[in-house]
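# Structural characterization, general
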Amino acid sequence: MSTLDVEAVEAFVTIADLQSFTRAAETLGTTQGAISVKLKRLEDRLGQRLLERTPRSVRLSAQGAVFLAPAREFLAAHDRALAGLSSPRRRFGLGIAAHVAGPEVPTLLARLNDHDPGLTIEVRMDHSRALLDAFDRGEIDAAIIRREDDRRDGEVLGSEHFGWYATPQFEHRQGEPLRLAALSPACGVRNIATHALDAAAIAWTEVFLGGTSSMVTAAVSAGLAISVFSCRLAPPGTVEVSQRFGLPPLPSSEIIMFSTLTDSRSREALRTLAAAFREHRPGTIPPDIG
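Residues numbered from 1 in each chain as written. Predicted model: local features only at pLDDT ≥ 70, side-chain atom pairs only at ≥ 80, totals over all residues. Heavy atoms only, no water.

Counting its regular elements, the chain contains 10 helices and 12 strands. The C-alpha extent of the chain, read off along each of the three principal axes, is 75 × 40 × 30 Å. Expressed as a percentage of the 290 residues in the chain, the buried residues total 45%. The long-range fraction of contacts in the chain, counting pairs at least 24 apart against all pairs at least 6 apart in sequence, stands at 75%. In the form shown here, the chain has an accessible surface area of approximately 14200 Å², with 53% of it arising from carbon and sulfur atoms. (Helix = DSSP H or I, 4+ residues; strand = E, 2+ residues; numbered from the N terminus. Buried < 20%, exposed > 50% of the residue type's maximum accessible area, 1.4 Å probe, protein only. Contact = heavy atoms within 4.5 Å. Areas by Shrake-Rupley, 256 points an atom, 1.4 Å probe, with all protein chains shown as cover.)

Put into C-alpha coordinates, the structure is as follows:
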(Lines give C-alpha, C1' and ligand atoms only; values in the text may rest on other atoms or scores of the structure.)
Protein backbone atom coordinates (compact mmCIF):
# COMPACT_ATOMS: atom_id res chain seq x y z
CA MET A 1 0.00 0.00 0.00
CA SER A 2 1.31 3.49 -0.81
CA THR A 3 2.32 5.81 2.01
CA LEU A 4 -0.22 8.07 3.68
CA ASP A 5 -0.24 11.80 3.14
CA VAL A 6 -0.34 13.70 6.46
CA GLU A 7 -2.50 16.55 5.12
CA ALA A 8 -4.98 14.11 3.61
CA VAL A 9 -5.30 12.19 6.88
CA GLU A 10 -5.66 15.47 8.78
CA ALA A 11 -8.43 16.52 6.40
CA PHE A 12 -10.30 13.24 7.00
CA VAL A 13 -10.04 13.49 10.82
CA THR A 14 -11.09 17.14 10.81
CA ILE A 15 -14.14 16.47 8.62
CA ALA A 16 -15.07 13.49 10.81
CA ASP A 17 -14.79 15.58 14.00
CA LEU A 18 -16.73 18.57 12.72
CA GLN A 19 -19.13 16.61 10.46
CA SER A 20 -18.81 19.38 7.90
CA PHE A 21 -16.55 19.98 4.89
CA THR A 22 -17.10 23.74 5.20
CA ARG A 23 -16.16 23.95 8.90
CA ALA A 24 -13.22 21.62 8.36
CA ALA A 25 -11.91 23.85 5.58
CA GLU A 26 -12.24 26.92 7.82
CA THR A 27 -10.42 25.16 10.67
CA LEU A 28 -7.54 24.08 8.42
CA GLY A 29 -7.35 27.44 6.66
CA THR A 30 -8.14 26.09 3.20
CA THR A 31 -11.06 25.80 0.80
CA GLN A 32 -13.83 23.25 0.67
CA GLY A 33 -12.66 22.19 -2.78
CA ALA A 34 -9.10 21.63 -1.59
CA ILE A 35 -10.20 19.56 1.40
CA SER A 36 -12.47 17.45 -0.84
CA VAL A 37 -9.50 16.72 -3.12
CA LYS A 38 -7.38 15.65 -0.14
CA LEU A 39 -10.10 13.32 1.11
CA LYS A 40 -10.54 11.75 -2.32
CA ARG A 41 -6.77 11.25 -2.59
CA LEU A 42 -6.77 9.44 0.75
CA GLU A 43 -9.77 7.28 -0.17
CA ASP A 44 -8.11 6.37 -3.48
CA ARG A 45 -4.91 5.35 -1.73
CA LEU A 46 -6.77 3.24 0.81
CA GLY A 47 -9.22 1.86 -1.71
CA GLN A 48 -12.03 2.55 0.76
CA ARG A 49 -14.82 5.10 1.05
CA LEU A 50 -14.33 6.81 4.42
CA LEU A 51 -17.18 9.31 4.56
CA GLU A 52 -20.80 9.25 3.43
CA ARG A 53 -21.83 12.70 2.22
CA THR A 54 -25.37 13.95 1.53
CA PRO A 55 -26.66 17.51 1.01
CA ARG A 56 -27.69 17.57 4.68
CA SER A 57 -25.07 15.55 6.54
CA VAL A 58 -21.61 14.07 6.64
CA ARG A 59 -21.00 10.82 8.52
CA LEU A 60 -18.41 8.08 8.75
CA SER A 61 -18.76 5.02 6.60
CA ALA A 62 -18.15 1.64 8.21
CA GLN A 63 -14.58 1.71 6.87
CA GLY A 64 -14.13 5.31 8.06
CA ALA A 65 -15.20 4.40 11.59
CA VAL A 66 -12.55 1.65 11.65
CA PHE A 67 -9.87 3.96 10.26
CA LEU A 68 -10.55 6.97 12.54
CA ALA A 69 -8.59 5.80 15.60
CA PRO A 70 -5.50 4.69 13.59
CA ALA A 71 -5.69 8.01 11.72
CA ARG A 72 -5.54 9.89 15.01
CA GLU A 73 -2.56 7.79 16.11
CA PHE A 74 -0.83 8.49 12.79
CA LEU A 75 -1.27 12.27 13.23
CA ALA A 76 -0.20 12.12 16.88
CA ALA A 77 3.02 10.29 15.92
CA HIS A 78 3.69 12.91 13.24
CA ASP A 79 3.13 15.74 15.77
CA ARG A 80 5.41 14.07 18.33
CA ALA A 81 8.17 13.76 15.74
CA LEU A 82 7.93 17.47 14.92
CA ALA A 83 7.66 18.48 18.57
CA GLY A 84 11.01 16.86 19.26
CA LEU A 85 12.64 19.46 17.02
CA SER A 86 10.49 22.42 18.05
CA SER A 87 10.77 25.29 20.49
CA PRO A 88 10.55 25.06 24.32
CA ARG A 89 7.44 23.80 26.04
CA ARG A 90 4.30 25.92 25.87
CA ARG A 91 1.72 26.42 28.61
CA PHE A 92 -1.94 25.56 28.09
CA GLY A 93 -4.26 26.60 30.92
CA LEU A 94 -7.55 24.69 30.93
CA GLY A 95 -10.45 25.25 33.30
CA ILE A 96 -13.07 22.51 33.75
CA ALA A 97 -16.17 23.12 35.85
CA ALA A 98 -16.57 20.75 38.76
CA HIS A 99 -20.12 19.85 37.69
CA VAL A 100 -18.88 19.14 34.14
CA ALA A 101 -15.73 17.09 34.72
CA GLY A 102 -16.43 13.40 34.28
CA PRO A 103 -14.83 10.18 33.06
CA GLU A 104 -13.86 11.81 29.76
CA VAL A 105 -11.21 14.06 31.42
CA PRO A 106 -8.33 11.55 31.11
CA THR A 107 -9.18 11.22 27.41
CA LEU A 108 -9.16 15.02 26.98
CA LEU A 109 -5.72 15.29 28.56
CA ALA A 110 -4.29 12.31 26.67
CA ARG A 111 -5.60 13.66 23.37
CA LEU A 112 -4.10 17.10 24.08
CA ASN A 113 -0.74 15.54 24.93
CA ASP A 114 -0.79 13.35 21.81
CA HIS A 115 -1.61 16.39 19.71
CA ASP A 116 1.18 18.54 21.17
CA PRO A 117 3.66 16.84 23.51
CA GLY A 118 5.35 20.23 23.95
CA LEU A 119 2.40 21.50 26.00
CA THR A 120 2.60 21.94 29.74
CA ILE A 121 -1.07 21.41 30.63
CA GLU A 122 -2.36 23.28 33.69
CA VAL A 123 -5.85 22.28 34.78
CA ARG A 124 -7.99 24.35 37.13
CA MET A 125 -11.25 22.94 38.51
CA ASP A 126 -13.83 25.27 40.06
CA HIS A 127 -17.46 26.26 39.65
CA SER A 128 -18.46 27.68 36.27
CA ARG A 129 -18.71 31.36 37.27
CA ALA A 130 -15.24 31.40 38.82
CA LEU A 131 -13.73 29.80 35.72
CA LEU A 132 -15.51 32.19 33.37
CA ASP A 133 -14.16 35.13 35.39
CA ALA A 134 -10.66 33.62 35.27
CA PHE A 135 -10.99 33.19 31.51
CA ASP A 136 -12.11 36.80 31.08
CA ARG A 137 -9.08 37.94 33.12
CA GLY A 138 -6.76 35.95 30.85
CA GLU A 139 -5.65 33.54 33.57
CA ILE A 140 -6.63 30.44 31.57
CA ASP A 141 -6.58 29.78 27.82
CA ALA A 142 -9.79 27.77 27.62
CA ALA A 143 -12.72 26.91 29.86
CA ILE A 144 -15.27 24.09 29.63
CA ILE A 145 -18.19 25.15 31.79
CA ARG A 146 -21.95 25.02 32.22
CA ARG A 147 -23.68 27.98 30.59
CA GLU A 148 -24.29 30.48 33.38
CA ASP A 149 -26.21 33.29 31.67
CA ASP A 150 -27.33 34.63 28.31
CA ARG A 151 -23.78 35.10 27.05
CA ARG A 152 -23.83 33.61 23.55
CA ASP A 153 -20.14 33.32 22.64
CA GLY A 154 -18.35 30.01 23.04
CA GLU A 155 -18.76 26.62 21.36
CA VAL A 156 -21.58 24.34 22.48
CA LEU A 157 -20.21 20.88 23.28
CA GLY A 158 -23.45 19.25 24.37
CA SER A 159 -26.49 19.43 26.62
CA GLU A 160 -26.60 18.60 30.32
CA HIS A 161 -29.54 17.24 32.33
CA PHE A 162 -29.86 17.29 36.11
CA GLY A 163 -31.63 15.27 38.77
CA TRP A 164 -32.10 15.06 42.55
CA TYR A 165 -29.92 12.29 43.99
CA ALA A 166 -29.63 10.61 47.39
CA THR A 167 -28.89 7.18 48.80
CA PRO A 168 -31.76 4.66 48.74
CA GLN A 169 -31.80 4.80 52.56
CA PHE A 170 -32.03 8.60 52.81
CA GLU A 171 -35.09 9.76 54.76
CA HIS A 172 -36.87 13.08 54.49
CA ARG A 173 -39.55 13.58 57.09
CA GLN A 174 -42.73 15.38 56.05
CA GLY A 175 -42.81 18.96 57.28
CA GLU A 176 -39.07 19.24 57.80
CA PRO A 177 -36.83 21.31 55.50
CA LEU A 178 -35.16 19.32 52.73
CA ARG A 179 -31.52 18.63 53.64
CA LEU A 180 -29.19 19.82 50.86
CA ALA A 181 -25.50 19.39 50.07
CA ALA A 182 -23.84 21.76 47.58
CA LEU A 183 -20.47 22.77 46.20
CA SER A 184 -20.39 26.43 47.29
CA PRO A 185 -22.76 29.40 47.67
CA ALA A 186 -21.58 30.71 44.28
CA CYS A 187 -22.20 27.42 42.44
CA GLY A 188 -24.65 27.70 39.54
CA VAL A 189 -25.97 24.16 40.03
CA ARG A 190 -26.73 25.00 43.67
CA ASN A 191 -28.68 28.01 42.40
CA ILE A 192 -30.66 25.78 40.02
CA ALA A 193 -31.64 23.59 42.97
CA THR A 194 -32.57 26.36 45.41
CA HIS A 195 -34.52 28.38 42.82
CA ALA A 196 -36.53 25.28 41.86
CA LEU A 197 -37.31 24.55 45.52
CA ASP A 198 -38.27 28.16 46.26
CA ALA A 199 -40.55 28.26 43.19
CA ALA A 200 -42.24 25.06 44.39
CA ALA A 201 -42.56 26.47 47.95
CA ILE A 202 -40.47 23.60 49.37
CA ALA A 203 -38.51 24.52 52.49
CA TRP A 204 -34.81 23.57 52.46
CA THR A 205 -31.74 23.83 54.62
CA GLU A 206 -28.10 23.53 53.65
CA VAL A 207 -26.37 20.95 55.83
CA PHE A 208 -23.15 20.53 53.85
CA LEU A 209 -20.95 22.75 51.67
CA GLY A 210 -18.02 21.01 49.99
CA GLY A 211 -14.99 22.70 48.52
CA THR A 212 -14.85 20.11 45.74
CA SER A 213 -17.38 17.99 43.89
CA SER A 214 -15.82 14.86 45.42
CA MET A 215 -16.67 16.17 48.89
CA VAL A 216 -20.30 16.76 47.90
CA THR A 217 -20.37 13.25 46.45
CA ALA A 218 -19.00 11.90 49.74
CA ALA A 219 -21.66 13.73 51.76
CA VAL A 220 -24.53 12.44 49.61
CA SER A 221 -23.09 8.91 49.53
CA ALA A 222 -22.86 9.01 53.33
CA GLY A 223 -26.60 9.76 53.54
CA LEU A 224 -26.23 13.29 54.92
CA ALA A 225 -28.31 15.07 52.31
CA ILE A 226 -29.79 15.30 48.83
CA SER A 227 -27.94 17.11 46.05
CA VAL A 228 -28.37 17.99 42.40
CA PHE A 229 -26.01 16.22 39.99
CA SER A 230 -25.69 15.94 36.26
CA CYS A 231 -27.45 12.67 35.37
CA ARG A 232 -24.23 11.33 33.81
CA LEU A 233 -22.20 12.09 36.96
CA ALA A 234 -24.51 10.89 39.73
CA PRO A 235 -22.49 9.15 42.48
CA PRO A 236 -22.47 5.34 42.36
CA GLY A 237 -24.98 3.88 44.77
CA THR A 238 -27.31 6.89 44.67
CA VAL A 239 -30.76 7.06 43.05
CA GLU A 240 -32.87 9.81 41.50
CA VAL A 241 -35.45 10.76 44.16
CA SER A 242 -37.62 13.50 42.62
CA GLN A 243 -40.68 11.19 42.41
CA ARG A 244 -40.13 9.78 45.88
CA PHE A 245 -40.04 13.19 47.60
CA GLY A 246 -42.18 15.24 45.19
CA LEU A 247 -39.31 17.46 44.09
CA PRO A 248 -39.64 19.88 41.16
CA PRO A 249 -38.17 19.25 37.69
CA LEU A 250 -34.84 20.90 36.94
CA PRO A 251 -34.00 22.83 33.77
CA SER A 252 -31.37 21.42 31.44
CA SER A 253 -28.27 23.40 30.51
CA GLU A 254 -25.50 23.47 27.91
CA ILE A 255 -21.80 22.69 28.17
CA ILE A 256 -19.78 25.47 26.53
CA MET A 257 -16.10 25.80 25.63
CA PHE A 258 -14.65 29.30 25.70
CA SER A 259 -11.31 30.32 24.21
CA THR A 260 -9.78 33.33 22.47
CA LEU A 261 -6.72 31.51 21.12
CA THR A 262 -6.33 32.25 17.41
CA ASP A 263 -3.02 30.82 16.20
CA SER A 264 -3.32 27.71 14.07
CA ARG A 265 -1.56 25.40 16.54
CA SER A 266 -3.81 26.47 19.42
CA ARG A 267 -6.95 26.24 17.27
CA GLU A 268 -6.00 22.67 16.42
CA ALA A 269 -5.52 21.88 20.12
CA LEU A 270 -8.97 23.29 20.87
CA ARG A 271 -10.54 21.29 18.05
CA THR A 272 -8.87 18.18 19.47
CA LEU A 273 -10.25 19.03 22.92
CA ALA A 274 -13.81 19.56 21.68
CA ALA A 275 -13.78 16.39 19.56
CA ALA A 276 -12.54 14.30 22.49
CA PHE A 277 -15.24 15.70 24.78
CA ARG A 278 -18.03 14.96 22.31
CA GLU A 279 -16.68 11.53 21.35
CA HIS A 280 -16.19 10.17 24.85
CA ARG A 281 -19.01 11.89 26.71
CA PRO A 282 -21.84 9.37 27.28
CA GLY A 283 -25.26 10.36 25.99
CA THR A 284 -27.78 11.10 28.75
CA ILE A 285 -31.48 11.71 29.02
CA PRO A 286 -33.36 13.59 31.70
CA PRO A 287 -34.52 11.55 34.71
CA ASP A 288 -38.06 10.23 34.54
CA ILE A 289 -40.08 12.36 36.94
CA GLY A 290 -43.50 11.92 35.31
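Moving on, there is more to tell.
Applying the stated criterion across every chain, the model contains 14 salt bridges. Each of D17, R72 and R271 takes part in one network of salt bridges that share partners. (Salt bridge = Lys/Arg side-chain N within 4 Å of Asp/Glu carboxyl O.)

This brings us to the environment of L75. Tracing the backbone shows L75 in helix α4 (residues 62-83). Using a relative accessible area of 12% as the deciding quantity, one classes L75 as buried. Along the backbone, L75 and H115 are 40 residues apart, and their C-alpha atoms lie at a distance of 7.7 Å. Contacts of L75, omitting those with residues within four sequence positions, involve V6, V9, E10 and V13.

With that settled, the discussion passes to empty space enclosed by the protein. Inspection of the entire model under this criterion finds four cavities of 30 Å³ or more. Size it by volume and the largest cavity reaches roughly 80 Å³. What lines the largest cavity is H99, L180, A181, A182, L183, C187, V189, R190, A193, E206, S227 and V228. For the lining of the largest cavity, a count of residues per class yields eight nonpolar, two polar and two charged. (1 Å grid on protein atoms, 1.4 Å probe; cavity = no way out; pocket = protein on both sides within 12 Å on 5 of 7 lines; lining within 4 Å. Points joined across faces, edges and corners; volume = space filled by probe spheres on them. Nonpolar A, V, L, I, M, F, W, Y, C, P; charged D, E, K, R; others polar.)

Let us look at helix α3 (residues 32-46). In this model α3 runs 21 Å from its N-terminal to its C-terminal C-alpha over 15 residues, within 8% of the 21 Å that 1.5 Å per residue would give. Of all the positions in α3, only I35, K38, L39, L42, E43 and L46 are classed as buried. Mapping the buried residues of α3 onto a view down its axis gives an arc of 135°, with all of them on the same face. Looking at α3, the residues exposed on the side facing more than 90 degrees away from the buried face are V37, K40 and D44. (Expected span 1.5 Å × (residues − 1). Arc of directions from axis to C-beta.)

With that out of the way, let us pick up the packing of helix α2 (residues 21-28) against α3. Direction vectors running N to C along α2 and α3 enclose 100°, while the axes themselves pass 8 Å from each other. When the axis of α2 is compared with that of α3, the two are roughly perpendicular. Facing F21, T22, A24, A25 and L28 of α2, the residues of α3 in contact are Q32, I35, S36 and L39. Across the contact of α2 with α3, the residue classes break down as six nonpolar, three polar and no charged. (Axes fitted to C-alpha atoms, helices over the stretch in contact; angles between N-to-C directions. Parallel < 35°, antiparallel > 145°, perpendicular 65-115°, else oblique.)

Now for the packing of helix α1 (residues 6-18) against α2. Remark: α1 packs on α2, axes separated minimally by 8 Å, with the N-to-C direction vectors making an angle of 125°. Classified by the angle between their axes, α1 and α2 sit oblique to one another. Considering only the axes of α1 and α2, their crossing is right-handed. In this structure, α1 contributes E10, A11, T14, I15 and L18 to the contact, and α2 contributes F21, R23, A24, T27 and L28. Of the residues contributing to the contact of α1 with α2, the split by class is six nonpolar, two polar and two charged. (Left-handed = near helix turned anticlockwise from the far one by under 90°.)

Each regular strand carries side chains that alternate between the two faces of the sheet. Here strand β7 (residues 162-166) lies mainly inside the structure; five of its five residues are buried. Both faces of β7 are covered, namely the face carrying F162, W164 and A166 and the face carrying G163 and Y165.

This part takes up the side chain of D17. When you line up the elements, D17 lands in helix α1. One polar contact links D17 to R72, side chain to side chain, over a distance of 2.7 Å. A distance of 2.7 Å separates a polar atom in the side chain of D17 from a polar atom in the side chain of R271. When near neighbours in sequence (up to four residues on either side) are disregarded, D17 contacts R72, R271 and A275. (Polar contact = N/O pair within 3.5 Å; in protein donor to acceptor, adjacent residues only side chain to side chain.)

Turning to the sheet that holds β7, a few remarks are in order. Taken in spatial order, the three strands line up as β10-β7-β11 in an open sheet, and their pairing is antiparallel. Strands with a single pairing partner mark the edges of an open sheet, and in this sheet they are β10 (227-230) and β11 (239-240). One ladder, built from two bridges, connects β7 with β11; its direction is antiparallel. Directly across from A166, in β11, lies its bridge partner V239. Each of β7 and β10 touches helix α7 (residues 188-199); the most contacted strand, β7, lies at about 85° to it. Here helix α8 (residues 213-221) sits on the sheet in contact with β7 and β10, set at roughly 125° to β10. (Pairing = 2+ DSSP bridges.)

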